[in-house]
Amino acid sequence: MAVLPIITAPDKRLEAVSAPVAAVDDAVRAQLDDMLETMYAAPGIGLAAIQVGIPKRMLVIDIAREDEEKQPLFIVNPEFTWVSDDDKVYEEGCLSLPEQYAEVARPAAVKISYLDYNGEQKELQADGLLAVCLQHEMDHLDGILFIDHLSALKRNMILRKLLKQKRLVEAG
Ligand code: GNR
Ligand code: NI
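Notes on the structure follow. No experiment lies behind these values; they were computed from the predicted model shown.

### As for the sheet that holds strand 7 (residues 121–127)
Right, so step 1: Taken in spatial order, the five strands of this open sheet run 1-2-3-6-7, and their pairing is antiparallel. Each edge of the open sheet is held by one strand with a lone partner, namely strand 1 (46–48) and strand 7. Across the sheet, the axes of successive neighbouring strands diverge by a mean angle of 40°, strand direction being ignored.
Right, so step 2: As judged from the five bridges shared by strand 3 (residues 73–83) and strand 6 (residues 109–115), these two strands associate in the antiparallel manner. Residue pairing across strands places Val 83 opposite Val 110, the latter belonging to strand 6.
Right, so step 3: Each of strand 1, strand 2 (58–61) and strand 3 is contacted by helix 1 (residues 26–41), which is oriented at about 40° to strand 2, the strand it contacts most.
Right, so step 4: Running at roughly 120° to strand 7, helix 2 (residues 128–141) makes contact with strand 1, strand 2, strand 3, strand 6 and strand 7 of the sheet.

### Digging into the coordination of the nickel ion (ligand 2)
Under perfect tetrahedral coordination by four donors, a metal shows angles of 109.5 degrees; under perfect octahedral coordination by six donors, it shows angles of 90 or 180 degrees.
Right, so step 1: Within the protein, the nickel ion (ligand 2) binds to Cys 94 (SG), His 136 (NE2) and His 140 (NE2); these donor distances fall in the range 2.1 to 2.3 Å.
Right, so step 2: Sequence positions of the donors to the nickel ion (ligand 2) reduce to the motif C-x41-H-x3-H. Here Cys 94 is found in strand 4 (residues 87–94), whereas its partner His 140 is found in helix 2, with 46 residues between them in sequence. The pair formed by Cys 94 and His 140 is uniform in burial state, with each residue classed as buried.

### Quick notes on the packing of aromatic side chains
Right, so step 1: Counted under the stated rule, the structure contains one aromatic pair.
Right, so step 2: Ring geometry for Phe 74 and Tyr 117: centres 4.6 Å apart, planes at 50°, overall tilted. Of this pair, Phe 74 sits in strand 3 while Tyr 117 is found in the loop between strand 6 and strand 7, placing the two residues 43 residues apart along the sequence.
Right, so step 3: The exposure class assigned to Phe 74 is buried, which follows from its relative accessible area of 15%.
Right, so step 4: Over the aromatic face of Tyr 40 sits the side chain of Lys 70, whose NZ or CZ is 4.8 Å from the ring centroid.

Basis of the calculations
- Residues numbered from 1 in each chain as written.
- Chains lettered and ligands numbered in written order.
- Predicted model: local features only at pLDDT ≥ 70, side-chain atom pairs only at ≥ 80, totals over all residues.
- Heavy atoms only, no water.
- Pairing = 2+ DSSP bridges.
- Helix = DSSP H or I, 4+ residues; strand = E, 2+ residues; numbered from the N terminus.
- Axes fitted to C-alpha atoms, helices over the stretch in contact; angles between N-to-C directions.
- Contact = heavy atoms within 4.5 Å.
- Donors = N, O, S within 2.8 Å, 3.2 Å for Na, K, Ca; no water.
- Buried < 20%, exposed > 50% of the residue type's maximum accessible area, 1.4 Å probe, protein only.
- Phe/Tyr/Trp six-rings, centres within 6.5 Å; stacked < 30°, edge-to-face > 60°.
- Lys NZ or Arg CZ within 6 Å of the ring centre and 35° of its normal.

Printed below as a string of structure tokens:
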């Protein structure tokens with residue numbers, strides 16, 4: 001297991017549309033293990049493979065609080081099978097947009113089908129924070145960040161801040 005570096009915006013790799021996973025084999029499971037370790041170390045409640053430079057349609061999630069038992073979810077090739085008509089607004093953050101937060105409206109509840117850690121077909125219905133996190137991670141698989149749901153003004157404000165930060169880091 002390894003903690004991998006997380007790609008931060010602006011970076012073209014985060015805009016890639018990830019490819020379906022052909023088979024959940026030991027190599028894929030090793031990548032999922034590294035992703036979970038990376039997510040816990042960050043710390044974050046979700047991580048899509050593209051955030052660590054792997055353009056595959058897979059993600060990990062654990063929304064358990066620190067004082068609760070870990071509840072890792074390994075989700076491969078997810079598809080929405082249902083989304084609710086009603087939206088909910090939630091203040092989102094993203095490990096690829098460090099220290100940037102904004103309110104995003106998304107369907108309040110969703111149902112997905114996916115392959116689990118053992119390659120078995122599963123279904124999951126979610127609301128609350130889990131529904132937010134699932135939609136945020138599934139956006140990453142299509143190269144979409146939460147700032148893409150904001151006005152161009154708000155999005156560019158955040159991107160400019162991050163670009164300035166990157167230039168400062170590069171200049172040392
Ligand atoms: O750790 C994370 N927290 C979070 C908070 C509100 C809405 C979405 C998220 S996901 C984020 C981790 C991340 O960037 N996943 O892609
Ligand atoms: Ni994110």
